Amino acid sequence: MSGIRLLAGLCLGLMALLPQAMAQPPLSAHEQVARMGAGVNVLGYDPYWQPGGQGNYREEHFARIRQAGLGTVRVVLFTFPHLDQDNRLDPAWLEKLDQVLAWGRNNDLQVILDVHDFNDCVKDVPACEAKLVQVWTQLGERYAAQPDSVVFELLNEPHGALDARAWNALLAKLLQVVRKTNPTRNVVVGPTRWNNLEELDTLRLPEDDRHLVVTFHYYEPFAFTHQGASWVEPQFSEKTGVRFTPEQVAKIESDFDKVEAWSRRHGRPILLGEYGAYDKAPMEDRVLWTRTVARAAEKRGFAHLYWQFSSDFVLYDFQREDWVEPLLHAVVPPKQQD
């Protein structure tokens, strides 16, 4: 009888260990980047986020993103306007974000939650820090059980008062906040000066945290990509007709070589989080530039996310409910689309 009881106990013990044995190991940062592939920035300036508003986006758009051969959406989040006086996020806003995550899961997309309150942060760094700590405490707790297809991005494009010293201190603190609830979730971090590749050497990351994806943004030559854009300096906003030529391709290759060399030295995978050319440039030049940047990223194993699905630099036309095909084919060649 005692033998039967012993056998039963052993069986129960093995059954208890079975879920642990079957559990998948944490997804590495390098594998995360491989899964990301090509993608697109979404939702940031859309009326979707307004109280009671639906905006332009539906789940069908996420389905079309996946069908087009894109593997990732970077969800641009302005969190500060949705904080109350105690820095608690609005429950109704969070429910909208829950829906976006469900759209991503349902369509087999990698989803990056990108906190995009960067301009507020350079106005008052201490106030920014207090808010970001609360934002990431709440997002970390709420989404700790999400699959590893969900990635956190601590802050878009630190710059100005968030210089290398201030940013390195802040990102270390934010990482500690996230790791309390998401110890192995992959997190996107980038350097200062608007995630400028020239600032990669100033980035200080904890060596023992290997669940980090390093990002940079690329809009060079700026006089070409931002010609006619109202939000930039007059030397760019007041000038149009700037061409992109095959002779400028070498500079893109050289810049991406720098990023690749940094990546290899530090063993960190790379995400090109934003790139795009504003629609005041000739379409043929925009296509050439976009194709050049996308292929340069892929050649070096970088994931790349076009800026953006809608609003400006547009990849998808909501009025026609269809892709801007020349640009889509530059981001993802037709043979890669389903």
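None of the values given here were measured: they were computed from a predicted structure.

Analysis parameters
- Residues numbered from 1 in each chain as written.
- Predicted model: local features only at pLDDT ≥ 70, side-chain atom pairs only at ≥ 80, totals over all residues.
- Heavy atoms only, no water.
- Buried < 20%, exposed > 50% of the residue type's maximum accessible area, 1.4 Å probe, protein only.
- Helix = DSSP H or I, 4+ residues; strand = E, 2+ residues; numbered from the N terminus.
- Contact = heavy atoms within 4.5 Å.
- Pairing = 2+ DSSP bridges.
- Phe/Tyr/Trp six-rings, centres within 6.5 Å; stacked < 30°, edge-to-face > 60°.
- Core = buried A, V, L, I, M, F, W, Y, C linked by side-chain atoms within 4.5 Å.
- Polar contact = N/O pair within 3.5 Å; in protein donor to acceptor, adjacent residues only side chain to side chain.

1. Description of helix 3 (residues 59-67)
Link 1 in the chain: Within helix 3, burial applies to His61, Phe62, Ala63 and Ile65.
Link 2 in the chain: For helix 3, the secondary structure elements touched by its buried residues are strand 1 (38-42), strand 2 (72-77), helix 4 (91-106), strand 9 (316-317) and strand 10 (322-323).
Link 3 in the chain: Just past helix 3, the residue Gly69 takes up positive phi, approximately 100°.

2. A short note on the pairing of strand 3 (residues 110-115)
Link 1 in the chain: Within strand 3, six of the six residues are buried, leaving the element largely enclosed by the surrounding structure.
Link 2 in the chain: Of the two faces of strand 3, the one holding Gln110, Ile112 and Asp114 and the one holding Val111, Leu113 and Val115 are both buried throughout.
Link 3 in the chain: In terms of strand pairing, strand 3 meets strand 4 (residues 150-153) through four bridges, oriented parallel. Note on strand 4: the bridge partner recorded for Val111 is Val150.

3. Section: the packing of aromatic side chains
Link 1 in the chain: Applying the stated criterion across every chain, the model contains 23 aromatic pairs.
Link 2 in the chain: Relative to Trp289, the ring of Tyr275 lies with its centre 6.3 Å away and its plane at 40°, an arrangement referred to as tilted. You can see Tyr275 sitting in strand 7 (residues 270-275) and its partner Trp289 sitting in helix 12 (residues 283-299), a full 14 residues away along the chain.
Link 3 in the chain: A residue is classified by how much of its surface remains accessible, and Trp289, at 0% relative accessible area, is buried.
Link 4 in the chain: Ring plane angle 70° and centroid distance 5.8 Å describe the contact between Phe309 and Phe318, whose orientation is recorded as edge-to-face. We note that Phe309, like Phe318, is buried.
Link 5 in the chain: An aromatic cluster of three or more residues is present, and its members are Tyr48, Trp49, Phe62, Trp93 and Trp103.

4. Digging into the nonpolar core
Link 1 in the chain: Core analysis: the largest hydrophobic core is formed by 98 residues, its most contacted members being Val42, Val75, Leu113, Leu154 and Phe256.
Link 2 in the chain: Counting residues per element, this core draws most heavily on helix 7 (residues 164-181), at eight residues.
Link 3 in the chain: Apart from the residues within four sequence positions on either side, Val42 is in contact with Tyr57, Phe62, Ile65, Val73, Arg74, Val75, Val76 and Phe309.
Link 4 in the chain: Counting residues in each nonpolar core, the second largest holds ten residues, with Ala29, Met36, Val213 and Ala303 among its members.

5. Comments concerning the side chain of Gln227
Link 1 in the chain: Take Gln227: it is sitting in the loop between helix 9 (222-225) and helix 10 (234-237).
Link 2 in the chain: Gln227 sits in the buried class, given a relative accessible area of 0%.
Link 3 in the chain: Within the structure, the side chain of Gln227 is placed 3.0 Å from the backbone oxygen of Phe224, a separation counted as a polar contact.
Link 4 in the chain: Side-chain polar atoms of Gln227 contact the backbone oxygen of Val242, separated by 2.8 Å.

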